[in-house]
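Per-entry structural report
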Amino acid sequence: MEVTLLGTGDTTGTPTPNCACDTCREAEERGVERSRFSVHVRNERTGESLLVDASPDFRQQFLDSDAALPDAICITHIHFDHLDGLGNAYRLLEDVPVFAPDETDPETGESVAETVSRRYDYLDAVTVSPESPFEPFEACGFEVTLVPVEHPPLVCYGLRIEDPETGATLSLSGDTSYAVPDRSRDVLRDADLLFVDGIVPAKYCEYHPLGGAHPDDEGTFRTFGTKHMTIEGARALAADLSPDDYRLVHLSHYIPAEEAFDDDMAVDGERFVL
């Protein structure tokens, strides 16, 4: 299993356009980028590639990397920075299955799979395959399992990708608060590699209209507002899930420059062989 981080940033990416903050300047000086989230997983046995989330930066991500265009795509939720790149299937992809959760979202009245089908019904190349959480399905020779996480107000999912022949495993927390259900944690646990959502340091919760949530024993918030984990929360979840290795993803440019490029904070283009 060859895993490439195509996009490691939040909804504005780093550097953020027209931003002169220290973190954006430091990213430019380092020559690194955190574009909108997307992960490429290649099955070296079959030669197939699975894309997790279709970033709006799809075109540039594939130009900047030598990753092959995907043979299948998995969508975790319908926020634009994870879905809107699917339009790039037009004239680029042929007969691509798009796997998406089948649970009805009370907020939208339809499942992620139904939303994808409705919004991209003009794409002849795309065939949406609804999948149920906790029920493994096959994609590109991998066994994939979707698990519910907490990213209000919309439903959102993490996932585990396993090569049934080699046993290599990749887990992704998805966009989530620290309140990942125990059953979902059990599926994500003990992976070779974990990508875990963390957006800002906990100290910034004072600037969020909703503050922070899920404090630890020292009172450090592990959730920023309600939707994403703090950096501290992401590291705490990684510690609980016990992967062999992990990286923080969905990182914002609000992380102070002196902290924003720590070893566990991903940047675009990082590649792992599991």
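Just so it is clear, the model here is predicted, and its values are computed rather than measured. (Residues numbered from 1 in each chain as written. Predicted model: local features only at pLDDT ≥ 70, side-chain atom pairs only at ≥ 80, totals over all residues. Heavy atoms only, no water.)

**With respect to the overall build of the chain**
The following threshold applies: Helix numbering and strand numbering both begin at the N terminus, where a helix is a DSSP run of H or I of at least 4 residues and a strand a DSSP run of E of at least 2. Burial classification: accessible surface area is computed with a 1.4 Å probe over protein chains only, and a residue below 20% of its type maximum counts as buried, one above 50% as exposed, and the rest as partly exposed. Whether two residues are in contact is decided by their heavy atoms: any pair within 4.5 Å suffices. Methods summary: accessible areas were calculated by the Shrake-Rupley approach with a probe of 1.4 Å, and residue burial reflects only the protein chains presented. Under this rule, positive means Lys or Arg and negative means Asp or Glu; His and the chain ends count for nothing. Where a charge sits is defined by one atom per residue type, namely NZ (Lys), CZ (Arg), CG (Asp) or CD (Glu).
For the chain, the helix and strand inventory stands at 6 helices and 16 strands. In terms of overall dimensions, the chain has C-alpha extents of about 50 × 40 × 40 Å along its principal axes. Split into buried and exposed, the 274 residues of the chain put 56% on the buried side. When contacts within the chain are restricted to residue pairs at least 6 apart in sequence, those whose partners lie at least 24 apart make up 65%. Surface exposure of the chain reaches about 11500 Å², of which carbon and sulfur atoms provide 45%. Taking the average place of the 20 positive charges on the side chains of the chain and the average place of its 55 negative ones, the gap between the two points comes to 3 Å.

**A few points about the pairing of strand S5 (residues 96-101)**
Put simply, the rule is: Strand pairing is assigned whenever DSSP identifies at least 2 bridges connecting the two strands.
Burial analysis of S5 places 5 of its 6 residues in the buried class, the great majority of the element. When strand S4 (residues 72-74) meets S5, the two strands line up parallel, connected through 2 bridges. Across the sheet, the residue bridging to isoleucine 73 is valine 98, located in S5.

**Describing the packing of aromatic side chains**
Note the threshold: Pairing of aromatic rings covers Phe, Tyr and the six-membered ring of Trp, with a centre-to-centre limit of 6.5 Å; geometry is then stacked below 30 degrees between planes, edge-to-face above 60, and tilted otherwise. We count a charge as sitting over a ring when the NZ of a lysine or the CZ of an arginine lies within 6 Å of the ring centre and within 35 degrees of the ring normal.
Applying the stated criterion across every chain yields a total of 5 aromatic pairs. Residue placement shows arginine 183 over the ring face of phenylalanine 134; its charged tip is 3.7 Å from the ring centre.

**With respect to the sheet that holds S4**
How we decide: An axis is simply a line fitted to the C-alpha atoms; with a helix, the fit covers only the stretch in contact. Between two such axes, the angle follows the N-to-C directions and lies from 0 to 180 degrees.
Pairing is mixed in the open sheet, where 7 strands are placed in the order S6-S5-S4-S3-S2-S1-S16. For this open sheet the edge positions go to strand S6 (126-131) and strand S16 (271-273), each flanked by a neighbour on one side alone. Averaged over all neighbouring strand pairs, the angle between strand axes comes to 20 degrees, with direction disregarded. Note that strand S3 (residues 48-52) and S4 share 3 bridges and pair parallel. By the bridge assignment, leucine 50 is partnered in S4 with alanine 72.

**Some words on the nonpolar core**
This is how it is decided: Buried residues of nine kinds, namely Ala, Val, Leu, Ile, Met, Phe, Trp, Tyr and Cys, make up a nonpolar core once their side-chain atoms join them within 4.5 Å.
Counting 53 residues, the largest nonpolar core has Val39, Leu86, Ile161, Leu170 and Phe195 as its most contacted members. The next biggest cluster of nonpolar side chains, apart from the first, holds 22 residues, and it includes Val187, Leu188, Ile231 and Leu237.

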